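# Structural overview
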Amino acid sequence: MDKIVIQGGARLHGAIPISGAKNAALPLMVACLLTDETLVLKNVPNLADVRFMGELLKSFGVDVEWTPARSLAEGGTYRLQARHVRGSTAEYDIVRKMRASFFVLGALVARVGLAKVSLPGGCAIGARPVDLHLKGLQALGASIDIAQGYVFADAPAGFVGGEVVFPIVSVGATENVLMAATLAKGTTVLVNAAREPEIVDLGNCLIAMGAKITGLGTSRITVEGVERLHGATHSVLPDRIETGTYAMAVAIAGGEVELTNTSPDLISSLLDLLPLVGAEVSSTGSGIKVVRNGSRPKSVSVDTAPFPGFPTDLQAQFMALMATAEGTSRIRETIFENRFMHVPELVRLGADIKVEGDTAIVTGVASLTGAPVMATDLRASSSLVLAGLAAKGTTIVNRVYHLDRGFERLEEKLSAVGAHIERQKE
Ligand SMILES: CC(=O)N[C@H]1[C@@H](OP(=O)(O)OP(=O)(O)OC[C@H]2O[C@@H](n3ccc(=O)[nH]c3=O)[C@H](O)[C@@H]2O)O[C@H](CO)[C@@H](O)[C@@H]1O
Ligand SMILES: C=C(OP(=O)(O)O)C(=O)O
């Protein structure tokens, strides 16, 4: 298994190109199931999860053609055509590895009238039930049965528009129901819908495919069903989690870096905090410049929340930053009940962190010390990389396959701005 090896202490200077967003690309790829014409997706990151989604779509008979990017500064292109959908089963082995596989449920039923999709089960960050996806599809007329670990959904005459009220904000359930509603008979209203930029990106692509959607980016989305969707070309929006992670890499390591092909509007919840931490942030027109010179970062407390709040997917990285800051911060995780798996690993690097319920109390230390570490999820792994950039000596991050799910060529991007980081193959 590959490892990432970091010699800490180097300041970062230069530019880092930001890739297309994994969490937008995955549901966008699923959207190809809604039409027999070709969906062309540009700026797609070359990530394990994305390749995996390509394989899942192939298993439904989708023609999947991937053209890799010519350089780090541009994404690859997927041409996806679901001329005929063959089969409608997503097996356990696939769904347990990548939860986004569950997003095929609504689109498959919309297109072929039925689907059998494995329940994903829990994962390292929490129980992550799918009840809201199922209730949403039921509200549109699907009958749902659960047996032998699978969801059997059918709506032989297609979905029928209705009101779907989400008791809590769910990104995935909003995406699943949004896709289903595009081909429903009549009007669907999603109440308390997620407002994440990835939902807006999916909605805009669906509109380009002929869907009638209003209210994207608000908590009330209205979808007027249409009889068919057609092909379209869409460019995936920049990855705000990758943007935020590299912004914090500069804040923790020091230096001056421009993050290109991204936008400050995607991540203002973090960019508003960074000046309080001691990093300067400015918009460059084509991206964001982050600078930290001089004194140690300062402690700032934060609660995670659905967009436009502070993203749970940046909580671990922010904790690494706070581990080196002057003072004490409180980091409250409100989205997932078990997303502190990075704490014991950061403590191995010398961090002073105590967990009390949903809150981590982080007392910054003057310096971290390198050590071998491992993490059980994607963003936790990236927090260990950030900590390694600031730690004295060598940090070895094991289980790199987690990072490869969501960070495209991380070690190349960081070494290009001066970090001493490499991948060691075993
Ligand atoms: C592929 C993708 O886009 N993944 C993102 C997506 O995950 P995902 O879509 O799984 O996250 P959700 O927004 O659905 O989860 C939010 C909360 O709702 C709960 N819940 C969700 C669905 C449901 O049917 N029942 C239920 O109780 C979850 O357990 C969690 O506590 O949004 C999360 C929250 O921003 C991010 O951390 C993930 O990176
Ligand atoms: C939790 C994440 O992904 P997933 O929802 O696919 O597990 C993530 O992207 O941080």
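No experiment lies behind these values; they were computed from the predicted model shown.

## Regarding the nonpolar core
- Ranked by size, the top nonpolar core spans 73 residues in total, and within it Met29, Ala31, Val104 and Ala180 carry the most contacts.
- Sequence-distant contacts of Met29, defined by excluding residues within four places in its chain, comprise Leu41, Met53, Leu57, Tyr78 and Leu80.
- Residues Ile4, Ile241, Ile252 and Phe318 belong to the second largest nonpolar core, which totals 67 residues.

## Quick look at the site of ligand 1
- In the vicinity of ligand 1 there are 20 residues, among which Asn23, Leu132, Ser170, Val171 and Gly172 approach most closely.
- Among the secondary structure elements, those contributing two or more residues to the shell around ligand 1 are helix H1 (22-30), helix H5 (131-139) and helix H6 (171-182).
- Residues of the shell around ligand 1, tallied by class, amount to 10 nonpolar, 6 polar and 4 charged.
- The two domains that each donate at least three residues to the shell around ligand 1 are domain 1 (3-18 + 238-424) and domain 2 (22-235).

## Notes on the environment of Leu346
- Within the secondary structure, Leu346 sits in helix H12 (residues 343-348).
- Under the C-beta neighbour-count criterion, Leu346 is labelled buried, with 27 such atoms within 10 Å.
- Taking the C-alpha atoms as reference points, Leu346 and Phe407, separated by 61 residues in sequence, lie 20 Å from one another.
- Dropping the residues within four chain positions of it, Leu346 is found in contact with Met319, Ala320, Ala323, Ala351, Ile353, Ser383 and Ala387.

## As for the packing of helix H8 (residues 240-253) against helix H11 (residues 315-323)
- Relative to each other, H8 and H11 sit at 5°, their axes nearing to 10 Å. Relative to H11, the element H8 lies roughly parallel. Contact residues: Gly244, Thr245, Met248, Ala251 and Ile252 in H8; Gln317, Phe318, Ala320 and Leu321 in H11.
- For the contact of H8 with H11, the class distribution of residues is 6 nonpolar, 3 polar and no charged.

## Topic: H5
- Buried within H5 we find Leu132, His133, Gly136, Leu137 and Ala139. When H5 is viewed along its axis, its buried side chains cluster within an angular range of 155° and face the same direction.
- Buried residues along H5 sit against helix H4 (104-112), strand E8 (143-147), strand E9 (150-154), strand E10 (163-165) and H6.
- One or two residues past the end of H5 sits Gly141, with phi positive at roughly 100°.

## Topic: the site of ligand 2
- Neighbouring residues of ligand 2: Asn23, Arg99, Ala100, Asp313, Leu378, Arg379 and Gly406.
- Of the residues assigned to the shell around ligand 2, the class counts are 2 nonpolar, 2 polar and 3 charged.
- For the shell around ligand 2, the two domains that each supply at least three residues are domain 1 (3-18 + 238-424) and domain 2 (22-235).

## Overview of the pairing of strand E14 (residues 232-235)
- On E14, burial follows the alternation: Ala232 and His234 on one face are buried, whereas Thr233 and Ser235 on the facing-out side are not.
- Alignment of strand E3 (residues 38-44) against E14, held across 4 bridges, turns out to be parallel. When the sheet's bridge partners are listed, Val40 is paired in E14 with Thr233.

## Let's talk about the environment of His13
- You can see His13 is positioned in strand E2 (residues 12-17).
- Measuring from C-alpha to C-alpha, the distance between His13 and Val291 comes to 9.2 Å, with 278 residues separating the pair along the chain.
- Among residues more than four places away in sequence, those in contact with His13 are Gly255, Glu256, Val257, Val417 and Gly418.

## Re the UniProt feature "binding site: UDP-N-acetyl-alpha-D-glucosamine" (unreviewed entry) in the protein
- In this structure's numbering, the residues bearing the UniProt feature "binding site: UDP-N-acetyl-alpha-D-glucosamine" (unreviewed entry) are Arg99, Arg128, Pro129, Val130, Asp131, Leu132, Asp313 and Ile335.
- Residue position: Pro129 is located in the loop between strand E7 (114-118) and H5.
- Its place among the elements puts Ile335 in the loop between strand E19 (328-332) and H12.
- Here Ile335 is in contact with Thr304 and Thr312, once residues within four sequence places are set aside.

What counts and how
Residues numbered from 1 in each chain as written. Chains lettered and ligands numbered in written order. Predicted model: local features only at pLDDT ≥ 70, side-chain atom pairs only at ≥ 80, totals over all residues. Core = buried A, V, L, I, M, F, W, Y, C linked by C-beta atoms within 7 Å. Buried ≥ 20, exposed ≤ 12 C-beta atoms within 10 Å, placed from the backbone. Contact = placed C-beta atoms within 7 Å. Near = placed C-beta within 6 Å. Helix = DSSP H or I, 4+ residues; strand = E, 2+ residues; numbered from the N terminus. Nonpolar A, V, L, I, M, F, W, Y, C, P; charged D, E, K, R; others polar. Domains from an automatic or database assignment. Axes fitted to C-alpha atoms, helices over the stretch in contact; angles between N-to-C directions. Parallel < 35°, antiparallel > 145°, perpendicular 65-115°, else oblique. Arc of directions from axis to C-beta. Pairing = 2+ DSSP bridges. UniProt positions renumbered as here; feature names shortened; annotations may be inferred.

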